[in-house]
Amino acid sequence: MGFFDKIKKAFTGEEVEKTEVTEKYEKGLEKTRKSFSERMNELFANFRTVDEDFFDELEEVLIGSDVGFETTMEITDALRQEVKLRNAKNQNEVQEAIIEKLVELYERGDTEIPEIKLNPTGLTVILFVGVNGVGKTTTIGKMAHQYQVAGKKVLLAAGDTFRAGAIDQLKVWGERVNVEVVSGPAGGDPAAVVFDAVKQAKNQQADILMVDTAGRLQNKVNLMNELEKMKRVIDRELPDTPLEVLLVLDATTGQNAMLQAKQFKETTDVTGLVLTKLDGTAKGGIVLAIRNELNIPVKYVGLGEGMDDLQVFDPNEYVFGLFSQLINKEN
Ligand SMILES: Nc1nc2c(ncn2[C@@H]2O[C@H](COP(=O)(O)OP(=O)(O)OP(=O)(O)O)[C@@H](O)[C@H]2O)c(=O)[nH]1
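Residues numbered from 1 in each chain as written. Predicted model: local features only at pLDDT ≥ 70, side-chain atom pairs only at ≥ 80, totals over all residues. Heavy atoms only, no water.

Per an unreviewed UniProt entry, the protein is named Signal recognition particle receptor FtsY, and its organism is Carnobacterium maltaromaticum. Comment text from UniProt for the protein, heading Catalytic activity (unreviewed entry), reads "GTP + H2O = GDP + phosphate + H(+)". (UniProt positions renumbered as here; feature names shortened; annotations may be inferred.)

**Q** Help me understand the site of the ligand in this model?
**A** With respect to spatial proximity, 18 residues lie near the ligand, and among them Gly133, Thr137, Gln169, Asp279 and Glu305 are the closest. In this structure, Val134 approaches the ligand through a main-chain N or O atom, which is 3.2 Å from an oxygen atom. Note that an oxygen atom of the ligand is positioned 3.0 Å from one of the backbone N or O atoms of Lys136. Computed on the free molecule, the ligand has an accessible area of 660 Å², of which 76% lies beneath the protein chains in the complex. Top element by residues in the shell around the ligand is helix H7 (residues 136–149). It accounts for 4 residues. Residues of the shell around the ligand, tallied by class, amount to 3 nonpolar, 9 polar and 6 charged. (Near = heavy atom within 4 Å. Polar contact = N/O pair within 3.5 Å; in protein donor to acceptor, adjacent residues only side chain to side chain. Areas by Shrake-Rupley, 256 points an atom, 1.4 Å probe, with all protein chains shown as cover. Helix = DSSP H or I, 4+ residues; strand = E, 2+ residues; numbered from the N terminus. Nonpolar A, V, L, I, M, F, W, Y, C, P; charged D, E, K, R; others polar.)

**Q** When you look at the packing of aromatic side chains in this model, what are you seeing that I'm missing?
**A** Taken as a whole and judged by the stated rule, the model has 5 aromatic pairs. Between Phe44 and Phe47, the ring centres sit 5.7 Å apart and the planes meet at 35 degrees, which makes this aromatic pair tilted. What makes Phe44 buried here is its relative accessible area of 5%. Plain terms: the ring middles of Phe47 and Phe54 are 5.6 Å apart, the flat faces sit at 90 degrees to each other, and that makes the pair edge-to-face. Across this residue pair, the class does not change: Phe47 and Phe54 are buried. In this structure, Arg80 is placed above the aromatic ring of Phe55, and the distance from its NZ or CZ to the ring centre is 4.7 Å. Directly above the aromatic system of Trp173 lies the positively charged group of Arg176, at a separation of 4.3 Å from the ring centroid. (Phe/Tyr/Trp six-rings, centres within 6.5 Å; stacked < 30°, edge-to-face > 60°. Buried < 20%, exposed > 50% of the residue type's maximum accessible area, 1.4 Å probe, protein only. Lys NZ or Arg CZ within 6 Å of the ring centre and 35° of its normal.)

**Q** Honestly, the environment of Ala289 in this entry has me stumped. Any pointers?
**A** In this fold, Ala289 is placed in helix H12 (residues 286–294). Given a relative accessible area of 0%, Ala289 falls into the buried group. Between the C-alpha atoms of Ala289 and Ile63, which are 226 residues apart in sequence, the distance is 9.8 Å. For Ala289, the contacting residues outside a window of four places in its chain are Asp66, Val67, Gly68, Thr71, Met258 and Leu294. (Contact = heavy atoms within 4.5 Å.)

**Q** Please explain the nonpolar core as it appears in this structure.
**A** Generally speaking, a soluble globular protein has its nonpolar side chains buried in company with each other. By size, the foremost hydrophobic cluster in this structure holds 99 residues, and its most contacted members are Phe54 and Met210. Once you skip the residues sitting within four places of it in the chain, Phe54 turns out to touch Leu43, Phe44, Phe47, Thr49, Val94 and Ile98. (Core = buried A, V, L, I, M, F, W, Y, C linked by side-chain atoms within 4.5 Å.)

**Q** Honestly, the packing of helix H3 (residues 30–45) against helix H4 (residues 52–64) in this entry has me stumped. Any pointers?
**A** A pair of packed helices is captured by two measures, namely the crossing angle of their axes and the spacing between those axes. Running from N to C, H3 and H4 point in directions that differ by 170 degrees, and their axes come no closer than 10 Å. Relative to H4, the element H3 lies roughly antiparallel. The residues of H4 that touch H3, namely those facing Phe36, Arg39, Met40, Leu43 and Phe44, are Phe54, Glu57, Leu58, Glu60, Val61, Leu62 and Gly64. Class assignment of the residues belonging to the contact of H3 with H4 gives a composition of 8 nonpolar, 1 polar and 3 charged. (Axes fitted to C-alpha atoms, helices over the stretch in contact; angles between N-to-C directions. Parallel < 35°, antiparallel > 145°, perpendicular 65-115°, else oblique.)

**Q** Looking at this structure, I do not really get the packing of helix H10 (residues 220–237) against helix H11 (residues 255–267). What am I missing?
**A** Where H10 meets H11, the closest approach of the two axes is 10 Å, and the angle between their N-to-C directions is 55 degrees. Comparing the axis directions of H10 and H11 gives the class oblique. Here H10 and H11 pass one another in a crossing that is right-handed. For the pair formed by H10 and H11, the contact residues are Lys220, Leu223, Met224 and Glu228 on the first element and Gln263, Phe264, Glu266 and Thr267 on the second. (Left-handed = near helix turned anticlockwise from the far one by under 90°.)

Structural data, given as structure tokens:
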């Protein structure tokens, strides 16, 4: 069964086969789906015809789910044309057009799973950026655990020397998942920590080095210099090593997360996003907005507090989780 057919079936409440990952996405997106389906049901409860009022209300539903203004307008404009083209009049025809347009928004982009490409012959370095409290350390810990379970040798570097608490927190995670943490003194130079960590990674022939960094957006110049210096050390010591820069964002902060992403994008070359706490928000539409407006791939999503709830982002599973049993079905 093609993916679109699977969504269509789930959309109307028909049973479809689900993998463990599908179920994780479904569960993680429960709040978003509930609020989205309530709003959609309300919209269709008053459905008479597809007129401008209908599109206005649909825009409100999408914006209310944090799909973002730009993306919402794009979707509703495309839908206006589609409805005309198909001469869709009744509720089912319009619902089908809506879901097709939303899925298309994804298919037009990259539906490949944007997994981190690990260096097959040596070390890969992942730099984690993002403001305090977004779940950066938790993400590093979970990811370290997953790579380790997959048989990789992982090393962590406590590059957030700005807060003593951040170093300790990373060490706690290191102990919990049994991964070594390279650290320096609080207030020290983060690039020096990176230098030491790179040396150790080389000595130990590690596969992955994950570097925590401080995320002081209020001081952009400092932040930029600090990140650039760390990158220079990595480039110099490991000239041919792939470097990922993952920006961690808290999905529950909605449009504020968008703003952070824009600011970090100006500060450094972000290669991917991690969106944490998607399970904690009813506004999971933020993924659509980010994907459409920022042009940075979402690489991981946090769908719960468990170790395995950090999942590689799969656009198909996401859209499925958003729509399954959407209309006329109690969740
Ligand atoms: N429900 C849920 N909780 C999460 C997720 N990711 C992280 N958390 C929880 O959020 C809490 C930690 O969040 P933060 O205080 O932002 O974590 P942190 O690692 O200290 O954040 P940084 O300051 O960014 O390093 C922990 O209780 C985590 O279990 C997620 O995807 N879903």
